[in-house]
Amino acid sequence: QVQLVESGGGLVQAGGSLRLSCAASGGTISAVMAWFRQGPRPERGFVAAIDWSGDSTAYANSVKGRFTISRDNAKNTVYLHMNSLNSEDTAVYYCAAGRVGLDTPAPFVSHYDVWGQGTQVTVSS
């Protein structure tokens, strides 16, 4: 089974930028890959998703225009470029692989069946 490992999290000042990476091993990454995050609320919130070609993406309203999801299929890696970070972006960020058959970006946790361990992003004001 594919395993996902996130990296790139850390502490950043408000207004700053970070790039998260999600590397897949043990197989090929799914057609659809996504990022979710979990802050003070117990549920994971959708951040962004991307299809295999990269032509189709979806973003949560709260990150549109600030975050960009991309992928390098040759490297089995998905990225999340985060700009203009604010304190509300503080969370653990999780990479997720879409279930077999999912071919368009989807915002629901139930559409994804492989998850990474998460990487902490903390934005200081």
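The structure this text deals with has already been given above.
An account of the accompanying structure is given in this report. (Residues numbered from 1 in each chain as written. Predicted model: local features only at pLDDT ≥ 70, side-chain atom pairs only at ≥ 80, totals over all residues. Heavy atoms only, no water.)

The subject of this paragraph is the layout of surface pockets. One number sums up the size of the largest pocket: a volume of about 320 Å³. In terms of lining, the largest pocket is formed by 15 residues, of which the most central are R37, G39, R41, E43 and G45. Mapped onto the lining of the largest pocket, the elements with two or more residues apiece are β4 (33–38) and β5 (45–50). When its residues are assigned to classes, the lining of the largest pocket shows four nonpolar, six polar and five charged. (1 Å grid on protein atoms, 1.4 Å probe; cavity = no way out; pocket = protein on both sides within 12 Å on 5 of 7 lines; lining within 4 Å. Points joined across faces, edges and corners; volume = space filled by probe spheres on them. Helix = DSSP H or I, 4+ residues; strand = E, 2+ residues; numbered from the N terminus. Nonpolar A, V, L, I, M, F, W, Y, C, P; charged D, E, K, R; others polar.)

Evaluated as defined, the whole model comprises one disulfide. Two residues, C22 and C95, share a disulfide whose sulfurs are 2.0 Å apart. Judged by the sign of its S-S torsion, about -75°, the cystine formed by C22 and C95 is left-handed. Placement of the pair is C22 in strand β3 (residues 18–25) and C95 in strand β9 (residues 91–98), with a sequence separation of 73 residues. Here C22 matches C95 in class, with each residue buried. (Disulfide = S-S within 2.5 Å. Buried < 20%, exposed > 50% of the residue type's maximum accessible area, 1.4 Å probe, protein only.)

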